Amino acid sequence: MDDIISKNNEIDLVDFDVEVLSPRDPRYAIHFLTKSLSDKLSEADAFAESIYNVVIKEASTASQIAQSFEKGSRFVVDMTESTKKAIDNGQIKLVKEHGKLRAQLLDSNGHYSTKLDIKEEFFNKGINPVEMANALQLKALQEQLQGIEEQIVMINSSVLDVLQGQQNDRIALFYSGINLYLEAQSIKNPEMKNALIAQAVRALSDGTQQLSITMESDIEFLTTGQYNKHRGKKLETIHSKMDSINKAFGFIHQATLARAAIYCEQNEYLAMANVLDEYSRFIENTVVNNANLLSQCDPSDNGTDQGLWQSRANLKLNASDFKKALLSNSQEYYLSVEGNKNEN
Amino acid sequence: MRIKAKKGCTNPECVMCKKKVHAHKEDSFCPRCGSNLSFVCEKCHTVLENGDTKLCITCQAKKDDADERRKKAFGKAIGPVAAGVSAVVAVVVKKK
Ligand SMILES: [Zn+2]
Ligand SMILES: [Zn+2]
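Residues numbered from 1 in each chain as written. Chains lettered and ligands numbered in written order. Predicted model: local features only at pLDDT ≥ 70, side-chain atom pairs only at ≥ 80, totals over all residues. Heavy atoms only, no water.

**Looking at the coordination of the zinc ion (ligand 1)**
Each angle at a metal carrying four tetrahedral donors should ideally be 109.5 degrees, and each at a metal carrying six octahedral donors should ideally be 90 or 180 degrees. All names here are of chain B. Note the cut-off: Here the term donor refers to an N, O or S atom within 2.8 Å of the metal (or 3.2 Å for Na, K and Ca), and because water is left out of the atoms, sites may appear incomplete. Irregular is the label for any site that misses the other tests, which are tetrahedral for four donors with all angles between 85 and 135 degrees, and square planar for four donors or octahedral for six when opposite donors exceed 155 degrees and the remaining angles lie between 65 and 115. Only DSSP runs of H or I with at least four residues qualify as helices, and only runs of E with at least two residues qualify as strands; both kinds are numbered from the N terminus onward.
Protein-derived ligands of the zinc ion (ligand 1) are Cys9 (SG), Cys14 (SG), Cys30 (SG) and Cys33 (SG), with the metal-ligand distances lying across 2.3 Å. Around the zinc ion (ligand 1) sit 4 donor atoms, and with donor-metal-donor angles ranging over 103 to 114 degrees the site reads as tetrahedral. Coordination of the zinc ion (ligand 1) draws on donor residues from a single chain, spaced C-x4-C-x15-C-x2-C in sequence. Here Cys33 lies in the loop between strand S2 (22–23) and strand S3 (37–40) and Cys14 lies in the loop between strand S1 (6–9) and helix H1 (15–18), a separation of 19 residues in the sequence.

Structure representation (structure tokens):
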């Protein structure tokens, strides 16, 4: 496994399988998050396709609808009707009602069919339709999510160097969180499994908390010029604080991604959004407000917009918009198929 | 607060930035590339948020450390001499 942990700092999101990457690899957390997000989105795609097939089969107006679509067709989920695409393939309106998911087919005359209950039995996978609806909601927010992901990947590239080869006792909680979660995967008893997952999340959030406090007090040390008391050793003192700040930031970043990934895998999207929102507020409070000071103290920074700290400060996660959209808890989705329709 | 900092171009593509050339105090834009000028550290060209210092924190600390070392070294070298001088003075005083 050592060769995976090797020199290459580049993030290669396609080639890596989080299962073969060691949690001690600095790239672990970002792969964990991107993989769980893409897994959920492809799950949502599969749901969309099954729902589409079931509804078309059951609906009486099915004859008007193209019955098959070629490979490469794209399912599009929207949360508002107004954004709906051309509906020559038929569009399905999904409504969450009293814990149930109901579907209506919209025909080319703009008429809705009678409501069809989406039942678990349709899918012989034992998937709860409400869970399905949640996954569809995530898919409807795909673009926002990708924007957040891009920003995170950018921060990530700036922390990898710091994290390479670090064996710091302050990050013990990060590893323990990851290991607890991995352990939970092998446990069949659902109560025990959930308890372990809860412990994993707790370890990661405690770790984040501790390191945030450390980082804030290190920054305060610099803003208040306390290094001036260390006569003859000012530079050394500043650099050791900066080293500590960089490490703390790196692990806060890692622990945040891991926590978001766990929530994502557990279908807790609002909790995931909360974690990301908390992270963007942390960046706002500690990094944005102190970016110039930090760049003046960081030997690897020149303080420009391209510099390490200013570029971190310029990141806009927009996690609060994502969270708001999730919180709106839309009861309606519009499902349609785009592209590669059969033309004869 | 009195402005002490030099101004400079911070466009990484620009020669004025690459060569860390200081701009005129009265200028607001880089004469080469037209970018907005920023306050920069006189020594290393790191961007300074406000112009009330000449040096960035790192360069100031380096300078302070060097001054401290020089002071100590000077102190060691000058110490015995100074003691000698005061001894001489003391002798002179006594003679009077
Ligand atoms: Zn210029
Ligand atoms: Zn400097």
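Continuing now.
**Here we look at the coordination of the zinc ion (ligand 2)**
Residue and element names in this part refer to chain B. Cut-off, in case you're wondering: Relative accessibility thresholds used throughout: buried, under 20% of the residue-type maximum; exposed, over 50%; partly exposed, between the two (1.4 Å probe, protein chains only).
Surrounding the zinc ion (ligand 2) are the protein donor atoms Cys41 (SG), Cys44 (SG), Cys56 (SG) and Cys59 (SG), at 2.2 to 2.4 Å. Considering all 4 donor atoms around the zinc ion (ligand 2), angles at the metal cover 103 to 114 degrees and the coordination shape is tetrahedral. Here the donor residues for the zinc ion (ligand 2) map to a single chain with the spacing C-x2-C-x11-C-x2-C. By relative accessible area, which is 1% here, Cys56 ends up buried.

**Looking at the interface of chain B and chain A**
Put simply, the test is: Throughout, a contact is declared for two residues whenever any of their heavy atoms are within 4.5 Å. A simple way to read buried area is as the amount of 1.4 Å-probe accessible surface that goes missing from two parts once joined, with both sides added. The working definition used for a salt bridge is a side-chain nitrogen of Lys or Arg within 4 Å of a carboxyl oxygen of Asp or Glu. Residues adjacent in sequence count toward polar contacts only when both atoms are side-chain atoms; beyond that, a polar contact is any pair of N or O atoms within 3.5 Å, and within protein one must be able to donate a hydrogen and the other to accept it.
With 16 residues of chain B in contact, the opposing surface of chain A contributes 20 residues. Between chain B and chain A, roughly 1400 Å² of surface is buried when both sides are summed, and carbon and sulfur atoms account for 54% of that area. Three residues, B:Ile57, B:Thr58 and B:Asp65, lead the burial of chain B against chain A; their summed loss comes to 37% of the area buried on that side. At the junction of chain B and chain A, the tally comes to 2 salt bridges. Put simply, A:Lys234 and B:Asp64 hold a salt bridge, and the shortest N to O gap is 2.6 Å. Joining chain B to chain A, the criterion identifies 10 residue pairs in polar contact (both at pLDDT 80 or more). Elements supplying a minimum of two residues to the side of chain B that touches chain A: strand S4 (47–48) and helix H2 (57–95) of chain B. With 8 residues, the top contributor of residues to the side of chain B that touches chain A is H2(B).

**Notes on the pattern of salt bridges**
All names here are of chain A. Applying the stated criterion across every chain, the model contains 15 salt bridges over all chains. Across the salt bridge formed by Arg281 and Asp277, the nearest N and O atoms sit 3.6 Å from each other. Of this pair, Arg281 and Asp277 both sit in helix H7 (residues 269–287), separated by 4 residues, roughly a single helical turn. Through salt bridges with shared partners, one network takes in Asp277, Arg281 and Lys323.

**Some points on the nonpolar core**
Applied cut-off: Put simply, buried Ala, Val, Leu, Ile, Met, Phe, Trp, Tyr and Cys residues joined by side-chain atoms within 4.5 Å make one nonpolar core. Boundaries of every domain are those given by an automatic assignment or by a domain database.
In terms of nonpolar packing, the biggest core is built from 99 residues, with A:Met215, A:Leu222 and A:Met272 touching the most fellow members. Counting only domains with at least three residues in this core, you end up with domain 1 (2–50 + 127–327) and domain 2 (73–122) of chain A. Look past the residues within four positions of A:Met215 in its chain and what remains in contact with it is A:Ile245, A:Ala248, A:Phe249, A:Ile252, A:Phe282, A:Thr286, A:Val287 and A:Trp309. Core analysis: the next-biggest nonpolar cluster, separate from the first, contains 7 residues, B:Cys9, B:Cys14, B:Cys17 and B:Leu37 among them.

**Remarks on the domain arrangement of chain A**
Residues and elements named next belong to chain A. This is how the line gets drawn: Each residue gets one label: Ala, Val, Leu, Ile, Met, Phe, Trp, Tyr, Cys and Pro are nonpolar, Asp, Glu, Lys and Arg are charged, and the others, such as Gly, are polar.
Here chain A is described as being made up of domain 1 (2–50 + 127–327) and domain 2 (73–122). Counting residues at the interface gives 15 residues for domain 1 and 11 residues for domain 2. The contact between domain 1 and domain 2 buries some 1100 Å² in all, and 74% of this surface belongs to carbon and sulfur atoms. At the junction of domain 1 with domain 2, the criterion picks out 0 salt bridges. At the surface where domain 1 touches domain 2, the tally comes to 0 residue pairs in polar contact (both at pLDDT 80 or more). Breaking the side of domain 1 that touches domain 2 down by element, the ones donating at least two residues are helix H1 (28–58) and helix H2 (129–140). Residue contributions to the side of domain 1 that touches domain 2 peak at 8 residues, all from H2. Residues of the side of domain 1 that touches domain 2, tallied by class, amount to 9 nonpolar, 3 polar and 3 charged.

**Some remarks on the sheet that holds S2(B)**
Residues and elements named next belong to chain B. Quick reminder of the rule: Any two strands between which DSSP finds at least two bridges are classified as paired.
If you trace the 4 strands from one edge of the open sheet to the other, you get S2-S1-S3-S4, paired in antiparallel fashion. What marks the edges here is a single partner per strand, and that holds for S2 and S4. Inspection of the sheet shows S1 paired to S2 by 2 bridges, in the antiparallel sense. Counted as the bridge partner of Lys7 is Ala23 from S2.

**Focus on the pairing of strand S2 (residues 91–97) of chain A**
In summary, the side chains of a regular strand alternate between the two faces of the sheet. Residue and element names in this part refer to chain A. Burial runs high along S2: 7 of the 7 residues are buried. The alternating pattern of S2 places Gln91, Lys93, Val95 and Glu97 and Ile92, Leu94 and Lys96 on opposite faces, both of which are buried. Here S2 runs beside strand S5 (residues 332–338); their pairing, made up of 5 bridges, is antiparallel. Each bridged residue has a counterpart across the sheet, and for Val95 the counterpart in S5 is Glu332.

**Details of the sheet that holds strand S1 (residues 74–78) of chain A**
All names here are of chain A. Rule in force here: Helix axes are fitted only over the stretch in contact, all axes being lines through C-alpha atoms; the angle between N-to-C directions runs from 0 to 180 degrees.
On the basis of which strands lie adjacent, the open sheet formed by 5 strands has the order S1-S5-S2-S3-S4 and antiparallel pairing. Only two strands of the sheet have a single neighbouring strand rather than two, namely S1 and strand S4 (116–118). Here the average twist between neighbouring strands, direction ignored, is 30 degrees. On top of the sheet, H1 reaches S1, S2, strand S3 (100–106), S4 and S5; it is set at about 90 degrees to S5, its chief contact.

**With respect to the environment of B:Asn11**
Residue and element names in this part refer to chain B. The topology assignment puts Asn11 in the loop between S1 and H1. Accessibility expressed as a relative area gives 21% for Asn11, which makes it partly exposed. Separated by 23 residues in the primary sequence, Asn11 and Gly34 place their C-alpha atoms 9.4 Å from one another. In contact with Asn11, not counting residues within four places along its chain, are Cys17, Cys33 and Ser35.

**Let's talk about the packing of aromatic side chains**
Residue and element names in this part refer to chain A. Note the cut-off: Only centres within 6.5 Å qualify two rings of Phe, Tyr or Trp (six-membered ring in Trp) as a pair; their planes then separate them into stacked at under 30 degrees, edge-to-face at over 60, and tilted for everything else.
One pass over the structure, following the stated rule, counts 5 aromatic pairs over all chains. Consider the rings of Phe32 and Tyr181, whose centres lie 5.8 Å apart with planes at 40 degrees: the pair is tilted. In this pair, Phe32 sits in helix H1 while Tyr181 sits in helix H4 (residues 172–185), placing the two residues 149 residues apart along the sequence. Considered together, Phe32 and Tyr181 belong to a single accessibility category, that of buried residues.

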